[in-house]
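Residue-level structure breakdown
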Amino acid sequence: MKPRVGVLALQGGFAAHAAILHRLDVRVDEIRTAEQLAAVDALVMPGGESTTMSMLLERSGLLEALAERLDGGMGVLGTCAGMILLAAEVVDGRADQHSLGMVDITVRRNAYGTQIESFEADIDVDGLESPFHAVFIRAPVVERAGPGVEVLARHEERPVLCRSGRATVAAFHPELSGDERLHARFLADL
Amino acid sequence: MSGTPSSDTAANGGAATGTTLVKRGLAEMLKGGVIMDVVTPEHARIAEDAGAVSVMALERVPSDIRAHGGVSRMSDPEMIQSIMAAVSIPVMAKTRIGHFAEAQILQALAVDYVDESEVLTPADEVHHIDKWAFTVPFVCGATNLGEALRRIGEGACMIRSKGEAGTGNIVEAVRHLRSITGDIRRIAAAGDEAELFEWAKQLRAPLPLVQEISDTGVLPVPLFCAGGIATPADASLVMQLGAEAAFVGSGIFKSSNPPKMASAIVEAVTHYRDPGILAKISSGLGEAMAGLETAGLTTKMAERGW
């Protein structure tokens with residue numbers, strides 16, 4: 001049976017993730033409520049504004065349900081804002097911003113500056129034969145990765161793709177460059 | 001057109017800034033969100049507290065621009081910087097149509113998006129800004145698909161309906177969204193290339209962009225709604241009509257309870273297809289902004305742009 005993958009659709013780049021997942025032939029659900037989350041096998045948490053998503057998680061009652069599923073071992077892919085929400089520690093966030101603490105990393109929000117510093121670059125990813133074209137939009141920087149965290153890619157020495165248990169997080173946007181390999185790997189690991 | 005570099009694209013350590021992918025990428029990340037007009041750092045904080053994905057820094061909200069009259073220009077850089085310092089979300093600012101010098105100043109301030117906006121008094125009644133020449137991305141208003149595609153041809157990376165700003169009346173935004181999405185559907189259903197040539201001619205739009213729509217069935221850049229949103233139900237309406245995010249101008253800070261209205265519209269854009277949730281968040285919001293009939297307007301801002 002095809003896995004059923006949810007894309008958190010409270011706000012942000014959920015449509016681009018859903019488009020890639022459709023091409024990889026899985027069932028894709030947009031997730032905005034706890035009931036919708038209960039029906040999926042794995043979750044993608046897209047980029048967007050982590051402050052907005054954090055508030056909407058709380059107001060929709062999804063926050064507790066999501067924390068419970070993650071503790072129960074649900075596979076999750078978090079990109080940009082998704083990475084921030086899954087991190088253990090956030091620097092330059094809002095005081096009331098929620099951290100799900102699934103990956104033992106410290107991330108700094110908007111560490112590169114405003115949009116005019118946003119960039120695209122090729123990065124080498126462990127296990128991929130050719131470079132991956134990565135798009136960084138007002139991206140967070142991983143300032144610390146704990147001993148249990150596997151760093152799968154770096155850009156200028158900083159970790160940009162990390163895995164810990166069932167969670168994979170990227171500081172960049174694998175859904176924007178048309179390359180399906182990281183999504184395919186996420187699905188294969190489920 | 002994707003991948004067309006802007007003239008000041010920087011190559012540093014194999015990293016490229018200001019590319020089409022990077023510019024459109026930020027618009028992708030704002031989808032499902034609300035961009036709020038703010039005139040002070042205090043307003044900006046209220047907007048961020050309510051869950052705005054971005055704020056538009058300007059001196060007066062559109063309803064006050066209407067009431068005030070006179071020439072409306074780019075905001076004071078000091079005021080824009082004070083708003084940038086007050087929040088962690090992206091900050092946009094407006095330039096007059098065709099006023100590339102104002103846009104250059106906004107880029108020097110490192111704002112996140114520039115709105116070449118009909119809400120300000122146009123500086124050029126023939127030319128829009130060459131937006132390919134900038135690292136900062138641009139959003140432009142449109143009343144129909146031809147206008148949207150001309151702006152994209154000039155380098156805009158996000159299109160918003162114009163609506164009729166400062167009226168609190170959604171009727172014009174609905175007209176513009178239906179016109180844009182309706183023509184996209186008709187182009188996607190076109191029979192052959194000859195029909196696409198005719199579409200490009202009728203719309204006064206670049207042919208390659210018409211052909212792209214024929215292939216993909218969608219606008220080449222994100223389509224947002226602006227101009228007249230005053231309630232959560234308005235936000236739900238325009239999202240159901242195909243908008244991917246909402247700009248709210250006077251609708252928040254001209255309502256009787258701005259923090260509450262702002263939060264409610266943020267939730268409405270997320271849950272736009274769920275009437276049960278919308279009923280709950282629409283309750284007890286106080287007075288929405290006072291609206292204006294568009295028939296009685298002396299200035300129709302949507303007519304600015306060529």
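Note that the structure is predicted; figures quoted are calculated from it, not measured.

Let us now look at the overall build of chain A. Helices and strands together make up the secondary structure of chain A, namely 6 helices and 12 strands. For a compact globule of 190 residues, the expected C-alpha radius of gyration is about 16 Å, and chain A comes in at 15 Å, within 12% of that figure. Taking the principal axes of its C-alpha atoms as reference, chain A extends roughly 40 × 40 × 35 Å. Excluding contacts between residues fewer than 6 apart, the proportion of contacts in chain A whose partners are at least 24 apart in sequence is 64%. When the accessible surface of chain A is totalled, it reaches about 7200 Å², and 45% of it is carbon and sulfur. Of the side chains in chain A, 18 bear a positive and 28 a negative charge, and the two mean positions are spaced by 3 Å.

This part takes up helix 10 (residues 232–240) of chain B. All names here are of chain B. Where helix 10 is concerned, the buried positions are Pro232, Asp234, Ala235, Ser236, Val238 and Met239. Next to the buried residues of helix 10 lie helix 7 (171–188), helix 12 (258–270) and helix 13 (275–281). Downstream of helix 10 by a residue or two, Gly242 has a phi angle that is positive, lying close to 115°.

To continue, consider the side chain of Arg151(B). Residue and element names in this part refer to chain B. Structurally, the position occupied by Arg151 is in helix 6 (residues 145–153). In this structure the side chain of Arg151 is engaged in a polar contact, spanning 2.5 Å, whose partner is the backbone oxygen of Trp306. If near-sequence neighbours (up to four positions away) are discounted, Arg151 is found in contact with His128, Lys131, Cys140, Gly141, Ala156, Ile159 and Trp306.

Turning our attention to unusual backbone geometry. Even without a glycine there, the phi angle at Arg138(A) is positive, about 40°. Here Arg138(A) shows up in the loop between strand 8 (132–136) and strand 9 (141–145). A positive phi is found at Ala110(B), a non-glycine position, where the angle reads about 65°. Residue class for Ala110(B) comes out buried when judged on its relative accessible area of 18%.

With that out of the way, let us pick up the pattern of salt bridges. All names here are of chain B. Enumeration over the complete set of coordinates arrives at 34 salt bridges over all chains. Between Asp115 and Lys94 there is a salt bridge; the shortest N-O distance is 2.9 Å. Placement of Asp115 in strand 6 (residues 113–117) and of Lys94 in strand 5 (residues 91–96) is noted, with a sequence separation of 21 residues between them. Using a relative accessible area of 7% as the deciding quantity, one classes Lys94 as buried. Close ionic contact of Arg160 with Asp115 constitutes a salt bridge, the shortest N to O distance being 2.9 Å. Highlighted residues: Arg160 in strand 8 (residues 158–161) and Asp115 in strand 6, separated in sequence by 45 residues.

Here we take up the sheet that holds strand 3 (residues 42–45) of chain A. Residues and elements named next belong to chain A. The 7 strands are arranged 2-1-3-4-12-11-10 in an open sheet whose pairing can be described as mixed. The open sheet is flanked by strand 2 (27–31) and strand 10 (150–155), the only strands paired with a single partner. Between one strand and the next, the sheet's axes are offset by a mean angle of 20°, whatever the strand orientation. Of the pairings in the sheet, the one linking strand 11 (residues 158–164) to strand 12 (residues 167–170) comprises 4 bridges and is antiparallel in character. Note that in strand 12 the partner of Arg163 across the bridge is Thr168.

Membership of the largest hydrophobic core comes to 130 residues, with the highest contact counts inside it found for Phe172(A), Ile159(B) and Leu219(B). By residue number, the principal contributor to this core is helix 12 of chain B, which donates 7 residues. Here Leu219(B) is in contact with Leu145(B), Ala148(B), Leu149(B), Ile152(B), Ile159(B), Ile184(B) and Ile213(B), once residues within four sequence places are set aside. Residues Ala16(A), Leu30(B), Tyr113(B) and Ala226(B) belong to the second largest nonpolar core, which totals 22 residues.

For the rest of this paragraph, the subject is the pairing of strand 3 (residues 34–38) of chain B. Residues and elements named next belong to chain B. Taken across its 5 residues, strand 3 has 5 buried, putting it largely inside the fold. The alternating pattern of strand 3 places Val34, Met36 and Val38 and Ile35 and Asp37 on opposite faces, both of which are buried. Looking at chain direction, strand 3 and strand 10 (residues 246–248) are connected through 3 bridges and run parallel. Its bridge partner being in strand 10, Val34 is matched across the sheet by Ala246. The pairing of strand 3 with strand 4 (residues 54–57) spans 4 bridges and is classified as parallel. Residue pairing for strand 4: Ile35 is matched across the bridge by Ser54. Taking the sense of rotation as the criterion, the β-α-β connection linking strand 3, helix 2 (residues 41–50) and strand 4 turns out right-handed.

Residues and elements named next belong to chain B. Strand order in the open sheet formed by 8 strands is 9-8-7-6-5-4-3-10, and the pairing between neighbours is parallel. This sheet does not close on itself; its edge strands, each paired only once, are strand 9 (223–224) and strand 10. Contacts from helix 1 (residues 20–30) reach strand 4, strand 5, strand 6, strand 8 and strand 9 within the one sheet, and its direction differs from that of strand 6 by about 90°. On top of the sheet, helix 12 reaches strand 3 and strand 10; it is set at about 155° to strand 3, its chief contact.

Turning our attention to the interface of chain A and chain B. In this complex, chain A contributes 37 residues to the contact, which on the side of chain B involves 42 residues. Between chain A and chain B lies a buried interface of about 3000 Å² when both sides are counted; carbon and sulfur atoms form 57% of it. Inspection of the chain A/chain B interface yields 5 salt bridges. In this structure, Asp49(B) and Arg94(A) form a salt bridge, with 2.8 Å as the shortest nitrogen-oxygen distance. On the surface where chain A and chain B come into contact, there are 20 residue pairs in polar contact (both at pLDDT 80 or more). With 5 residues, the single largest contributor to the side of chain A that touches chain B is helix 3 (residues 50–59) of chain A. Taken together, the residues that form the side of chain A that touches chain B break down as 12 nonpolar, 15 polar and 10 charged. Of the pairings in the sheet, the one linking strand 7 (residues 119–123) of chain A to strand 2 (residues 15–17) of chain B comprises 2 bridges and is antiparallel in character. Bridge pairing in strand 2 of chain B links Phe119(A) to Thr17(B).

Procedures and definitions
Residues numbered from 1 in each chain as written. Chains lettered and ligands numbered in written order. Predicted model: local features only at pLDDT ≥ 70, side-chain atom pairs only at ≥ 80, totals over all residues. Heavy atoms only, no water. Helix = DSSP H or I, 4+ residues; strand = E, 2+ residues; numbered from the N terminus. Rg over C-alpha atoms; globule rule 2.2 N^0.38 Å. Contact = heavy atoms within 4.5 Å. Areas by Shrake-Rupley, 256 points an atom, 1.4 Å probe, with all protein chains shown as cover. Lys, Arg positive; Asp, Glu negative; His and termini not counted. Charge placed at Lys NZ, Arg CZ, Asp CG, Glu CD. Buried < 20%, exposed > 50% of the residue type's maximum accessible area, 1.4 Å probe, protein only. Polar contact = N/O pair within 3.5 Å; in protein donor to acceptor, adjacent residues only side chain to side chain. Salt bridge = Lys/Arg side-chain N within 4 Å of Asp/Glu carboxyl O. Pairing = 2+ DSSP bridges. Axes fitted to C-alpha atoms, helices over the stretch in contact; angles between N-to-C directions. Core = buried A, V, L, I, M, F, W, Y, C linked by side-chain atoms within 4.5 Å. Right-handed = clockwise from strand over helix to strand, strands pointing away. Buried area = accessible area lost by both parts, 1.4 Å probe. Nonpolar A, V, L, I, M, F, W, Y, C, P; charged D, E, K, R; others polar.

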